[in-house]
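Descriptive structure summary
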Amino acid sequence: MILAGDIGGTKTNLALYEWTSGRVEPIREDSFHSADYTTLEDIVEEFLSTPLASPTSEEEQEQESDGATPDTETSAVENGPEPIRVTAACFGVAGPVIDNRCRTTNLPWVIEGASLAERFAIPQVRLLNDLEATAHGILLLTPDEIVALNAGTPPKKKQALALIAAGTGLGECILYWDGTRYRPMPSEGGHTDFAPNSDTEIELLRHLRGSYLHVSYERIVSGPGLHAIYDYLRDTKKNEPTWLAEKIKVGNPAAEIAEAGLKGQAEIATQALDLFATIYGAEAGNLALKALTLDGVYVAGGIAPKLLKKLQDGSFMRGFTNKGRYKRMMTQIPVQVVMNDKTALLGAASMAAQLTSSHAS
């Protein structure tokens, strides 16, 4: 039995798998609101404290088919659920992982693989950056789990892929081809300096510098970033409708802005989505240029599937290809949106399975 986790600033997903060679569905999966817990250990303990139910015996199945009621008290004693024994675990964590340890970026947590292994008696525990885990996961996706924004014309000889994912924060990763397979390289590229490309974006940068000494792409291309863009437009264009202001106060700001923008209910929300999608595409293009990821770019994270309609209207790709003399090359790079929101969990599971295999050999 292996344990996989996707540890994000908003939610933590955990799952148990009987994974031996190829992709399988989880035996059990659960999601937790990260901010409700003081440590990852508390979440893991809660998740593992409920044993897996034992399969119904053949005798009980025969009794049920005959209309008889099995002796539940005897059955609970004789066939009660056994405690969960985890042989390996892997957690994708939103933050830099150094020496199997991570101080999370958007949570006040310190996560250590060795501590988790000791507390839960797991022989092998590995931490990965969450985008590194997602990178392992995209290699296992099926065609129906991705949507193309740009078909492109990738080179015949494999070279490199890029992965970018906006959610609570902004994650980035590069996958290079080693001659046999793609190997993910973790990155904290989402925290690089925001580079405006228009007068409006220059004014946005100035606005954000009133709150932050350092304005990274994550300050803009994320859930909180969409809200920050909206606040800039509200303060400069003075076109916020009262009804939307009230909804933002009581709800999830990014979700309310996105809904109003996608439905065309408020000009300010539409403008916010335009800026967001263009800047998202620009940074995805920056990542592709830096690593020359001609094989393709994957856009993952919680936001992209929800804003798919907006990403498909051309604003994302305009930002992506607006690279001066390299515009033609950028149009040849495939760009795809990852629709499976459990891709990081899938990647963590695949790595945990590898840990089990290597330990057995």
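Before reading on, note that the structure itself is shown above.
Every residue gets a number counted from 1 within its own chain, in the order that chain's sequence is written. The predicted nature of this model means local features are confined to residues of pLDDT at least 70 and side-chain atom pairs, given and counted, to a pLDDT of 80 or more, with totals for whole chains, interfaces and linings taken over all residues. Water and hydrogen atoms were dropped before computing side-chain values, which therefore reflect all heavy atoms in the structure.

1. Digging into the pattern of salt bridges
Take a side-chain nitrogen of Lys or Arg and a carboxyl oxygen of Asp or Glu: if they are within 4 Å of each other, that pair is a salt bridge. Counted according to the given criterion, the structure contains 13 salt bridges. Residue R23 is joined to E145 by a salt bridge in which the shortest nitrogen-to-oxygen separation is 2.9 Å. With R23 in the loop between β2 (11-17) and β3 (28-33) and E145 in the loop between α5 (130-138) and β9 (146-150), this pair connects stretches of sequence that are 122 residues apart. Residue R23 is classed as partly exposed on the basis of its relative accessible area of 32%. Going along the chain from the N terminus, every DSSP run of H or I of four or more residues is numbered as a helix, and every run of E of two or more is numbered as a strand. Each residue is assigned to one of three classes by its accessible area relative to the maximum for its type, calculated with a 1.4 Å probe on protein chains only: buried under 20%, partly exposed between the two thresholds, exposed over 50%.

2. Considering the sheet that holds strand β6 (residues 101-103)
Overall, antiparallel pairing links the 3 strands, which are arranged β5-β6-β7 in an open sheet. The strands lining the two open edges of the sheet, one partner per strand, are β5 (97-98) and β7 (110-112). Between any two strands, at least two bridges found by DSSP are needed for them to pair.

3. Quick word on the packing of aromatic side chains
Only the six-membered ring of Trp is used, alongside the rings of Phe and Tyr, when aromatic pairs are assigned; centres must lie within 6.5 Å, and planes under 30 degrees apart are stacked while those over 60 apart are edge-to-face, with the rest tilted. Evaluated as defined, the whole model comprises 7 aromatic pairs. Taking the centre distance of 6.0 Å and the plane angle of 85 degrees together, the rings of F32 and Y37 count as edge-to-face. In this pair, the class of F32 matches that of Y37, namely buried. Their ring planes at 65 degrees and their centres at 4.9 Å tell us that W177 and Y182 sit as a pair that is edge-to-face. Y182 gets classed as buried once you look at its relative accessible area, which sits at 12%. Ring pairing ties together the aromatic residues F32, Y37 and F47, which thus form one cluster. Here, a charge over a ring means that NZ of Lys or CZ of Arg falls within 6 Å of the ring centre while also lying within 35 degrees of the ring normal. We note R28 situated over the ring of F47; from NZ or CZ to the ring centre the distance is 4.7 Å. In this arrangement the basic side chain of R219 is found over the ring face of Y212, its NZ or CZ atom lying 3.9 Å from the centre.

4. With respect to unusual backbone geometry
Here the phi dihedral of A121 falls at roughly 55 degrees; this positive angle occurs in a residue that is not glycine. Within the fold, A121 resides in the loop between α4 (113-119) and β8 (124-129). The exposed category is assigned to A121, whose relative accessible area is 63%. Look at K238: it is not a glycine, yet its phi comes out positive at around 55 degrees. When you line up the elements, K238 lands in the loop between α7 (223-237) and α8 (242-250).

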